Amino acid sequence: MRIAIGGFQHETNTFSPTPAGWQDFLAADTWPGLLQGPALLAEMTPAGGAQARNIPIAGFIGAARDEGAHTLLPLSWCAAGPSGRVTEDAFERIVALLLEGIALARADAVYLDLHGAMAAAHIDDADGEILRRVRLAIGDDIPLVASLDLHANVSPLMVDSADLLLVYRTYPHVDMAATGARAYAWLARRLQGMPRPRAAWRRIPFLIPICWQYTGAEPARSLRRLQEALDSDTLAAGLAMGFPATDADKCGPAAWAYAASADAARAATDRLAAAVEAAESGFAGDILDARDAVARAQALLRSPGATGPVIIADGQDNPGAGGSADTTGLLRALVAADARNAVIGLLVDAQAATQAHAAGAGAEVRLALGGKSGIAGDAPFEATFRVMRLHGGDVDATGSVFKGYRLTLGPSALLQIGGVQVIVVSRPVQLLDLALLRFVGLAPERLDIIAVKSVVHFRADFEPLARAVLLCASPGAFALDPSTLPWTKLPGDIRRKPASP
């Protein structure tokens, strides 16, 4: 059989003022830039024993190549970093590429690598619209399968348009490639004659703050296990916890299931949704302001017994959720508290990185660092820094989330002020891989405080060596408390955050 494959990924923070345009999808950042035809297969297929990329479509390609039963017809694939809405021009051009490829492919099945929380300037349910248009192009009889991010905002249109939607089960997303491989295995069964399953879908009536969607802790850990258990009773079960910064009618968590009968799909969906609702009050925890987070970290370092660094997550300035990664609130708190053997990163300031490179390693340079994105309550941090190390910014990831990636940070520098070091980069990337400390000569296990511009993804690599992990709410474009956002399209019966016990 002939399987057409492609993808179009974007996680949209509609409260961010920075749109995602055509050029953002063309350029490589954390993931590759726009790929078409044979280049898609070449880029996503490891060669010479290289490590496979932890990307859904790479997992799909790998599983198909291992089985060798079907021919893959590459369409186009692209992704851009989380930001504001996708421009109408970019959305329509990219969807046109997919549809043109499908028309030429004459495929027996279609697989799409989507995110699920995309919103375009002119379409709130952008992923639903992609699936609707593809279904219209291929007709009702050709199988259409898509993989989705755990943070997807899943709509009835998405469920109705696809034969199957499979979602990542982990956050940090260590199973992206595995989800693509699951999508291939299911699609192969469909091509062997399994009829299209019946589906059921239910919306969860509250938003889940992204910081409490961590599947390594309760209640998300048990919900993940239930979802996996339900797979044995049905053809597939899905739980997307939602991206609580997309101002659209479909925003929020959803549960769904597929089975041979509508009753079986509905029973599994109801069981999963009921478990999420029963766990509502568990989606909560301590969130500290910057000063209290630093003070707590320093107190933990003085406590006997425990070892390893204290990790502070600067969660509201997370570039993985549309943050600018340049706010300075936590940096100021570290310096004001005279923190020692501390580092913060990755702070985006291309101008400061250029100035550091011009000054040279060992030089002292006066900078107005960060604070250039106009975030309320934030401003550049003006001080004299010593340039400790310089780097071109191409870094090979080593961790479980960015497995197989070459990260493009642009000109980068390690700066120091007092006992605090700052990793400055030119392009936004979450500090979620230990290689993003080591590339500037830092040994993570020898540090006392590591402040990361991330909210959960860092845990996969950093938590095993940490003395403690603290969550900090300093100024940033991504609100950890979704109830503080100026929602205009969220239905009135959806609670803006989980209810307290």
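See above for the structure.
Computed from a predicted model, the values in this text were never measured in an experiment.

Brief notes about the overall build of the protein
Then comes step 1: Per the secondary structure count, the protein includes 14 helices and 19 strands.
Then comes step 2: For the protein, whose C-alpha radius of gyration is 22 Å, the value lies close to the compact-globule estimate of 23 Å for 501 residues.
Then comes step 3: Each principal axis of the C-alpha distribution contributes one length, and for the protein these read about 65 × 50 × 40 Å.
Then comes step 4: Burial statistics for the protein: of 501 residues in total, 59% are counted as buried.
Then comes step 5: Considering only intrachain contacts with a sequence separation of at least 6, the fraction spanning at least 24 residues in the protein is 75%.
Then comes step 6: Put simply, the protein shows about 17800 Å² of open surface, and 51% of that area lies on carbon and sulfur atoms.

Some thoughts on the pattern of salt bridges
Think of it this way: side chains of opposite charge can pair up when their charged atoms draw near.
Then comes step 1: Enumeration according to the criterion identifies 27 salt bridges in this entry.
Then comes step 2: Of the charged contacts, one joins Arg-135 and Asp-163 as a salt bridge, the two residues approaching to 2.5 Å between their closest N and O atoms. One end of the pair, Arg-135, is in helix H5 (residues 126-138); the other, Asp-163, is in the loop between helix H6 (156-161) and strand E6 (164-167), with 28 residues separating them in the sequence.
Then comes step 3: Among the residues examined, Arg-135 registers a relative accessible area of 8% and is labelled buried.
Then comes step 4: Its salt-bridge partner being Arg-459, residue Glu-463 comes within 2.5 Å of it at the nearest N-O pair.
Then comes step 5: For Glu-463, a relative accessible area of 29% puts it in the partly exposed group.
Then comes step 6: By relative accessible area, Arg-459 is classed as buried at 18%.

Some remarks on the sheet that holds strand E9 (residues 254-259)
Then comes step 1: Sheet architecture is open: three strands sit in the order E7-E9-E8, paired in antiparallel fashion. Single-partner strands in this sheet number two, and they are strand E7 (198-203) and strand E8 (236-240). Put simply, the sheet's adjacent strands are angled 10 degrees from each other on average, direction ignored.
Then comes step 2: Bridge count for E8 against E9 is five bridges, and the pairing is antiparallel. Across the sheet, the residue bridging to Leu-239 is Ala-255, located in E9.
Then comes step 3: The sheet contacts of helix H9 (residues 262-278) involve E7, E8 and E9, and relative to E7 the element is tilted by about 25 degrees.

A few points about the packing of helix H8 (residues 220-230) against H9
Then comes step 1: Contact pair H8 / H9: the axes reach a minimum separation of 10 Å and the direction vectors enclose 175 degrees. In terms of orientation, H8 and H9 fall into the roughly antiparallel class. On the side of H8, the interface is formed by Leu-223, Leu-226, Gln-227 and Leu-230, while H9 contributes Ala-268, Arg-271, Leu-272, Ala-275 and Val-276.
Then comes step 2: Each residue belonging to the contact of H8 with H9 can be placed in one class, and the counts come to seven nonpolar, one polar and one charged.

Some thoughts on H5
Side chains three or four residues apart in an α-helix point the same way, a direct result of the helix having 3.6 residues per turn.
Then comes step 1: Across its 13 residues, H5 extends 19 Å between first and last C-alpha, which sits within 8% of the 18 Å expected from 1.5 Å per residue.
Then comes step 2: Counting buried residues along H5, 10 of its 13 residues qualify, which places the element largely inside the surrounding structure.
Then comes step 3: For H5, every residue scored as buried is listed here: Ala-126, Asp-127, Gly-128, Glu-129, Ile-130, Leu-131, Arg-133, Val-134, Arg-135 and Ile-138.
Then comes step 4: In this fold, the buried residues of H5 make contact with strand E1 (2-9), helix H4 (88-105), strand E4 (109-114), strand E5 (144-148), H6 and E6.

As for helix H3 (residues 56-67)
Then comes step 1: Over its 12 residues, H3 extends 17 Å from the first C-alpha to the last, a length consistent with the 16 Å expected when each residue adds 1.5 Å.
Then comes step 2: Regarding H3, the residues found buried are Pro-56, Ile-57, Ala-58, Gly-59, Phe-60, Ile-61, Ala-63 and Ala-64.
Then comes step 3: Those residues of H3 that are buried are in contact with E1, helix H2 (38-44), strand E3 (71-79), E4, E5 and helix H7 (176-191).
Then comes step 4: Just downstream of H3 lies Gly-68, where phi reads positive at about 70 degrees.

Side note on the pairing of E4
Then comes step 1: E4 sits mainly inside the fold: six of its six residues count as buried.
Then comes step 2: In the sheet, E1 pairs with E4 via six bridges, with the strands oriented parallel. When the bridges of E4 are listed, Ile-5 appears paired with Tyr-111.
Then comes step 3: Note that the unit made of E4, H5 and E5 has a crossover that is right-handed.

Side note on the packing of aromatic side chains
Then comes step 1: Under the criterion given, the structure shown has 12 aromatic pairs.
Then comes step 2: Plain terms: the ring middles of Phe-8 and Phe-91 are 5.9 Å apart, the flat faces sit at 35 degrees to each other, and that makes the pair tilted. With Phe-8 in strand E1 and Phe-91 in helix H4, this residue pair connects regions lying 83 residues apart in the sequence.
Then comes step 3: Measuring from centroid to centroid gives 5.8 Å for Phe-243 and Phe-478, while their planes differ by 20 degrees, and the two rings are stacked.

Points about the environment of Pro-32
Then comes step 1: Among the structural elements, Pro-32 can be located in the loop between helix H1 (22-26) and strand E2 (35-36).
Then comes step 2: When the C-alpha positions of Pro-32 and Ala-473 are compared, they lie 31 Å apart, and in sequence the two are 441 residues distant.

Section: the environment of Glu-277
Then comes step 1: Tracing the chain through its elements places Glu-277 in helix H9.
Then comes step 2: You can call Glu-277 partly exposed: its relative accessible area is 29%.
Then comes step 3: Taking the C-alpha atoms as reference points, Glu-277 and Phe-206, 71 residues apart in sequence, are found 8.5 Å from one another.
Then comes step 4: For Glu-277, the contacting residues outside a window of four places in its chain are Arg-202, Ile-204, Pro-205 and Phe-206.

Observations regarding the nonpolar core
Then comes step 1: In terms of nonpolar packing, the biggest core is built from 141 residues, with Ile-5, Phe-8, Phe-91, Leu-112, Val-154, Leu-165 and Ile-423 touching the most fellow members.
Then comes step 2: Apart from the residues within four sequence positions on either side, Leu-112 is in contact with Gly-6, Leu-98, Ile-130, Leu-131, Val-134, Leu-144, Val-145, Ala-146 and Ser-147.
Then comes step 3: The next biggest cluster of nonpolar side chains, apart from the first, holds 35 residues, and it includes Leu-288, Ala-297, Ile-312 and Ala-356.

Rules behind the numbers
- Residues numbered from 1 in each chain as written.
- Predicted model: local features only at pLDDT ≥ 70, side-chain atom pairs only at ≥ 80, totals over all residues.
- Heavy atoms only, no water.
- Helix = DSSP H or I, 4+ residues; strand = E, 2+ residues; numbered from the N terminus.
- Rg over C-alpha atoms; globule rule 2.2 N^0.38 Å.
- Buried < 20%, exposed > 50% of the residue type's maximum accessible area, 1.4 Å probe, protein only.
- Contact = heavy atoms within 4.5 Å.
- Areas by Shrake-Rupley, 256 points an atom, 1.4 Å probe, with all protein chains shown as cover.
- Salt bridge = Lys/Arg side-chain N within 4 Å of Asp/Glu carboxyl O.
- Pairing = 2+ DSSP bridges.
- Axes fitted to C-alpha atoms, helices over the stretch in contact; angles between N-to-C directions.
- Parallel < 35°, antiparallel > 145°, perpendicular 65-115°, else oblique.
- Nonpolar A, V, L, I, M, F, W, Y, C, P; charged D, E, K, R; others polar.
- Expected span 1.5 Å × (residues − 1).
- Right-handed = clockwise from strand over helix to strand, strands pointing away.
- Phe/Tyr/Trp six-rings, centres within 6.5 Å; stacked < 30°, edge-to-face > 60°.
- Core = buried A, V, L, I, M, F, W, Y, C linked by side-chain atoms within 4.5 Å.

Purely geometric numbers; function is a separate question.
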